[in-house]
There are 2 protein chains.
Amino acid sequence: MKVICSKEHLIEGINIVQKAVSSKSTLAILEGILLEANDLFKLTGYDLELGIECYVDADIRNTGSIVLNSKMFGDIVRRLPDSEVLIEVLPNNSVIIECENSHFELKGIPSDTYPALPSIKKENAFIIEQKTIRDMIRQTIFAVSIDENRPILTGSLLECKDKNVTIVSIDGFRLALRRSTVENENQNFNVVIPGKTLNEIVKILQPVEEFITIYSTQNQILFDMGKCKVVSRLLEGEYLNYNSIIPEEYETKVRVKTKDILSSLERASLITAEEKKYPVKFNISDEKIIISSNTEIGAVREEVRVDTTGSKLDIGFNPRYFIEALKVIDDEEIDIYFTSSIGPCTIRPIENNDYAYMILPVRIKNE
Amino acid sequence: MKVICSKEHLIEGINIVQKAVSSKSTLAILEGILLEANDLFKLTGYDLELGIECYVDADIRNTGSIVLNSKMFGDIVRRLPDSEVLIEVLPNNSVIIECENSHFELKGIPSDTYPALPSIKKENAFIIEQKTIRDMIRQTIFAVSIDENRPILTGSLLECKDKNVTIVSIDGFRLALRRSTVENENQNFNVVIPGKTLNEIVKILQPVEEFITIYSTQNQILFDMGKCKVVSRLLEGEYLNYNSIIPEEYETKVRVKTKDILSSLERASLITAEEKKYPVKFNISDEKIIISSNTEIGAVREEVRVDTTGSKLDIGFNPRYFIEALKVIDDEEIDIYFTSSIGPCTIRPIENNDYAYMILPVRIKNE
């Protein structure tokens, strides 16, 4: 193999595929990036769960392939001058990397034992703006469970139903849901994508209006961005019926500026000392919520101006659950629906049903 | 105590004095910031080695003092709205912090047991631009020893002789020296400032042309910036006679662009794997240095264009020692003086004697 490409394009490709490379594996080859030069020059990273392929513009002098340690290869290319880079594989699998007056010779690993990425049948496809699917993941990922006792909840449900796409995460204490409509032919399927791989995919997706195609089979999902393809294993099993969990009625509705209640909760949470699980108390009246907490460290009282519909209410929450949901909301104003002082509450946008965050309360002592 | 001040000024003061607060101490009071309102409002942080006082513009309603946990106080103030902050100490030592609709009540510690900062006699003073002393520390601190077996070398020597000020750090493998002239009356003294406190002082000093006054006694040094004062304990003992260490003659002199040799060494060091202590080899000829290294990981060869005076030379170095020195040099071009293939080399500016970095070589195998 012998290729010449710009340092700039090469490092772009490396940065993307590195997200799928194991940083510590018992197999040295899984800590590597596969370089393949055929008609095109392609980089691949694959940790057997998440796989990423990326094409890099290059002048291909000789075809061939090799695997290079991802960290070493990335560190070297990152430090090269901004110029043309030559990569050449010698018969003994040594790899020459040359750029201006720099000359490296690294040990490569023959590519024959590099695991093949799963091939995905191009059915169950839908087309969506890259920006939209990125936001949908970003706005739900934080509620994925980290409890391995219910493995299915360590992933997010991606549901395609007619022209609706929904992503849902549930961790037993809260639910995050984000919905969007797609313009292509009707598709009906449900898959559960591991949270770990969603965390990486969301870093690769760009906030651009270009469209990407998503294909899914029973076991795998493929995000196809043209020059770059991301394949992920899916979780097996039935996801929770989220529709039955989200309450439809409410006792008290509060309209509030997102930023106001977020700032107050962030301040209040400073003295709730997460590990001790002190809740914050919401005291909801007509024109304000008083958020308060009393802990060993001290006491805090925050007033937030709101518009309340329905009855007054006292209710307690783990402030982190509220903060994480409020942080990903782009709307200036939101509605919060409360069922009772011991029932779940739901955060929704004012005018549509694009998202819903449901949070279970914490029982508070009466003072 | 009752004071009102702007959040902006308060957080500025907290950020500065926090650098002298113990993050983990057996005494809760040492993890605190001392707040004192008399004629002025003053914050103090002191870990018994480094002490910082800072005045904050404030409207003082009642005089008094209290100690508040530094982390908690800082975190709360940082998150307050950008507005006026009221701080009030109640008779039970509770402290009210109020800002717009936020109301905190924290437990304070009475200030009587807060340790007093050492008082410094105002003798042995010199006046220097804040920017200059900051650069002098920044350009020498990295060569301070971390080996506790020779405690004196864990600090930097500050030497005032007539109108010259010199800072020197030596760790047994290298030496960093930076010199400057001051315009005030002649002073003669030597002190050794602990590296740990220099690391904090350099963060507090600003790159501005304002002058600061430095006072020293036998045991303490005081950096007086007017609104803000930093006191540090000094190390006891005789520092090395650095003048006898720096070679004055040379066999080979190389003139090189700082950036060129730095980039090449940074790339070469990627495969030298610090913990294994592989050296890089300099092969110096008339017009170039070839920097090379051969390790388990692979091989690297870098060519750097230079102007050489004197004889050709092969010599080996720990690349990190060169890189750390080159990184703090602001000059575009430098001279490097080599004595022999087993003797120390010295990096100097082209046209003056503002700085000198001396590095001991590593013996390399002949190939």
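Being a predicted model, the structure only gives us computed values, none of them experimental.

## Here's the deal with the pairing of strand β23 (residues 313–317) of chain A
Residue and element names in this part refer to chain A.
And step 1. Across the 5 residues that make up β23, a large majority, 4, are buried.
And step 2. Across 5 bridges, strand β19 (residues 280–284) lies against β23 in antiparallel orientation. If you follow Lys281 over to β23, its bridge partner there is Gly316.

## Description of the domain arrangement of chain A
All names here are of chain A.
And step 1. Split into domains, chain A comes out as domain 1 (2–113), domain 2 (125–243) and domain 3 (246–359).
And step 2. Taking the mean C-alpha position of each, domain 1 and domain 2 sit 29 Å from one another.
And step 3. Of the roughly 1,200 Å² buried at the junction of domain 1 and domain 2 (both faces included), carbon and sulfur atoms supply 55%.
And step 4. Applying the counting rule to domain 1 against domain 2 returns 3 salt bridges.
And step 5. Here Arg233 and Glu49 are joined by a salt bridge, their closest N and O atoms 2.9 Å apart.
And step 6. Looking at the side of domain 1 that touches domain 2 element by element, the count peaks at 6 residues for strand β4 (residues 50–56).
And step 7. Its residues assigned to classes, the side of domain 1 that touches domain 2 shows 5 nonpolar, 1 polar and 5 charged.

## Side note on unusual backbone geometry
Residues and elements named next belong to chain A.
And step 1. One non-glycine residue, Leu48, lies in the positive phi region at around 75 degrees.
And step 2. Residue placement: Leu48 occurs in the loop between β3 (41–46) and β4.
And step 3. A relative accessible area of 47% means that Leu48 is categorised as partly exposed.
And step 4. Positive phi outside glycine occurs at Glu100, with the angle close to 50 degrees.
And step 5. Mapped onto the elements, Glu100 comes out in the loop between β8 (94–99) and β9 (102–107).
And step 6. Under the relative-accessibility criterion, Glu100 is labelled exposed at 56%.

## A few points about the pairing of strand β11 (residues 155–162) of chain B
Residues and elements named next belong to chain B.
And step 1. The buried fraction of β11 is high, at 6 of 8 residues.
And step 2. Where β11 meets strand β14 (residues 187–194), 8 bridges bridge the pair, whose relative direction is antiparallel. The residue of β14 that forms the bridge with Gly155 is Pro194.
And step 3. In this structure, β11 lies alongside strand β12 (residues 164–170), joined through 5 bridges in antiparallel fashion. Bridged to Cys160 within β12 is Val165.

## Remarks on the side chain of Lys42(B)
All names here are of chain B.
And step 1. With respect to the helices and strands, Lys42 occurs in strand β3 (residues 41–46).
And step 2. By relative accessible area, Lys42 is classed as buried at 15%.
And step 3. Leaving out residues up to four positions away in the same chain, Lys42 has contacts with Leu34, Leu35, Glu36, Glu53, Cys54 and Tyr55.

## A closer look at the pattern of salt bridges
Residue and element names in this part refer to chain A.
And step 1. Within this structure, the stated rule accounts for 46 salt bridges over all chains.
And step 2. In this structure, Asp57 engages Lys227 in a salt bridge whose closest nitrogen and oxygen atoms are separated by 3.9 Å. Taken together, the positions of Asp57 in the loop between β4 and β5 (59–62) and Lys227 in the loop between β16 (220–224) and β17 (228–233) put the pair 170 residues apart, joining distant regions of the chain.
And step 3. Take Asp57: its relative accessible area is 46%, and that puts it in the partly exposed class.

## Here's the deal with the relation of the copies chain B and chain A
And step 1. Overlaying chain B on chain A yields an RMSD of 0.0 Å, the required transformation being a rotation through 180 degrees with an accompanying axial translation of 0.0 Å. Put plainly, the chains are arranged around a two-fold axis.
And step 2. Here 100% of the interface residues in chain B have copies in chain A that are interface residues too; the copies meet face to matching face.

Rules used in this analysis
- Residues numbered from 1 in each chain as written.
- Chains lettered and ligands numbered in written order.
- Predicted model: local features only at pLDDT ≥ 70, side-chain atom pairs only at ≥ 80, totals over all residues.
- Heavy atoms only, no water.
- Buried < 20%, exposed > 50% of the residue type's maximum accessible area, 1.4 Å probe, protein only.
- Helix = DSSP H or I, 4+ residues; strand = E, 2+ residues; numbered from the N terminus.
- Pairing = 2+ DSSP bridges.
- Domains from an automatic or database assignment.
- Buried area = accessible area lost by both parts, 1.4 Å probe.
- Salt bridge = Lys/Arg side-chain N within 4 Å of Asp/Glu carboxyl O.
- Nonpolar A, V, L, I, M, F, W, Y, C, P; charged D, E, K, R; others polar.
- Contact = heavy atoms within 4.5 Å.
- Least-squares fit on C-alpha atoms with pLDDT ≥ 70 in both.

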